[in-house]
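Each chain, letter by letter, is given below.
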Amino acid sequence: MGRPRSRRCRAAEGAAAALLLVLGTACGSRLPESDFEHRDHPGATARAPLRVGILTSATSPVGGNAFTGPGEGARAFFDRLNARGGIDGRRVEVRTCDDGGSGVGNNACVHRLIDEDKVVALVATTVLDYAGASRVSHARVPDIGGQPIGAAYDTWPHLYGIYGSLAPRDGTPGWHGTLYGGTEVYRYFKREHGASTAAVVSYNQAASAAYARLVERGLKAEGYRVVAEQVDFALPNFRAVAADLKQQGADLVLDALDTHGNALLCKAMDEVGARVTAKVTNVQNWTSTVRDDYRDAPHCRNALWATGSSRNLDDTGDPAVQEFRTATRGLPTHSQWQLEGWAAAMWFTDAARSCERQGITRACVDAWMNRSEGFTAGGLLLPVVFERLPEPPESRRTCLSVARWRDGRGWVSQGDMNRTCFDVPQLPYTP
């Protein structure tokens, strides 16, 4: 089996389907590395804590709690780590900043965490508009395990997205402004479940429609008959869409909608009797709240499938998942994004521990991250790769994690994510 590619397509799926946004980056100035080193030589300030930053859009136009999962998971990991003595006897001190979901707020948070709090690294970044990404990169602050909602993690060095990257990361998104994603999700449902007619539902909103076109192109590349459905963003008529899905005989439904839109679509599908093999959602909606979110759609709810690049949060027979669930049992809900935030904190911890002898600095942590190859967070992630390929790959062997919702059982894993792999084409798209 070859090494898996960066899962940019599924990362884009989570962002576009749930958030419907167009992101950008802003220029920043290079700051002296000496301002941030803070070497911790033996005999230095007695066991000074290690500061890390968690940057989130905890409040944003998208709505409360949309971006908080990775940070919750990371903080849970650090709490457990501190209870066990921290890193080299030093506790990890988490500094958080809510950017409010705006570019201005993001730049302000980046300035505060880097220049004022002087964090050694950012961990589990999850933001609506990563406008400060270039500033983070120019300051050479490692950003570890962030959620690639926009193109920043395929653009800038020193930024290490949770799914890895194959792009040069030389200041331009992807390869000369073009990103690439695979068709493994569509291949899976075609080969494993015989799906042949796929519906793609989007809003009449630019980012939603653009993402839907990307999905449609991937489905057609895999030989599907594609039914495109679009609803008005302000006054969506999901019942009409559901009726057409039934008439068209769709056996697979994908979307570029937010969680509320998905719930309304599912309700409409139940009302008109539209039964499908799979209603496919993304990692951001891979949560324990499905029964409540889709309470009015029992048939559609039990046809929900999620795909991603991390081990199912309900796979408690796995020791690494069980450790995560035990440490987060006090949280009211659980999500796949929390698990990935936990993995991001583990990633930083491994990097920091590698630097104990020479001093835990931004430069040392970043150097370790730059060399990291095949990181799995103890089996929670598919092996993460950073390759900086000069040219985009035409095809790639890619693995994926798949789970299906079942009332009374939660998310049920569908096979081993390290063996559910396909050789698929890489299709271009513009962020």
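Above this text sits the structure in question.
Bear in mind the structure is a predicted one, so any value in this text is a computation, not a measurement.

## Points about the pattern of salt bridges
In step 1: Here the structure, examined in full by the defined rule, presents 19 salt bridges.
In step 2: A salt bridge links E323 to R84; its shortest N-O distance comes to 3.8 Å. With E323 in helix 11 (residues 319-327) and R84 in the loop between helix 2 (69-83) and strand 2 (92-98), this pair connects stretches of sequence that are 239 residues apart.
In step 3: Given the relative accessible area of 31%, E323 is considered partly exposed.
In step 4: The partner of D407 in a salt bridge is R291, with the nearest N and O atoms 3.0 Å apart. Taken together, the residues D407 in the loop between strand 13 (401-406) and strand 14 (410-413) and R291 in helix 9 (residues 290-293) connect sequence positions 116 residues apart.

## Considering the packing of aromatic side chains
In step 1: Taken as a whole, this structure holds 15 aromatic pairs when the rule is applied.
In step 2: When the ring of W175 is compared with that of Y180, the centres are 5.7 Å apart and the planes differ by 80 degrees; the resulting orientation is edge-to-face.
In step 3: Each ring, one from Y188 and one from W305, has its centre 6.5 Å from the other, and the planes form 55 degrees; the classification is tilted. One end of the pair, Y188, is in helix 5 (residues 184-193); the other, W305, is in strand 11 (residues 304-308), with 117 residues separating them in the sequence.
In step 4: The exposure class assigned to W305 is buried, which follows from its relative accessible area of 2%.
In step 5: Within the aromatic cluster, the residues linked to one another by ring pairs are F77, F78, F324, W342 and F348.
In step 6: Lying over the aromatic face of Y224, K190 brings its terminal NZ or CZ to 5.2 Å of the ring centre.

## What about the sheet that holds strand 14?
In step 1: Pairing is mixed in the open sheet, where seven strands are placed in the order 8-7-9-10-11-13-14. Each of the sheet's edge strands pairs with one partner strand only, and the pair in question is strand 8 (225-231) and strand 14. Strand-to-strand twist in this sheet, taken as the mean axis angle between neighbours without regard to direction, amounts to 30 degrees.
In step 2: Bridge count between strand 10 (residues 278-281) and strand 11: three bridges; the pairing is parallel. Its bridge partner being in strand 11, K279 is matched across the sheet by L304.
In step 3: Against the sheet, helix 5 engages strand 9 (252-256), strand 10, strand 11 and strand 13, with an angle of about 130 degrees to strand 11.
In step 4: Packed onto the sheet, helix 7 (residues 238-248) meets strand 7 (197-203), strand 8 and strand 9 and runs at close to 170 degrees relative to strand 8.

Conventions adopted
Residues numbered from 1 in each chain as written. Predicted model: local features only at pLDDT ≥ 70, side-chain atom pairs only at ≥ 80, totals over all residues. Heavy atoms only, no water. Salt bridge = Lys/Arg side-chain N within 4 Å of Asp/Glu carboxyl O. Helix = DSSP H or I, 4+ residues; strand = E, 2+ residues; numbered from the N terminus. Buried < 20%, exposed > 50% of the residue type's maximum accessible area, 1.4 Å probe, protein only. Phe/Tyr/Trp six-rings, centres within 6.5 Å; stacked < 30°, edge-to-face > 60°. Lys NZ or Arg CZ within 6 Å of the ring centre and 35° of its normal. Pairing = 2+ DSSP bridges. Axes fitted to C-alpha atoms, helices over the stretch in contact; angles between N-to-C directions. Contact = heavy atoms within 4.5 Å.

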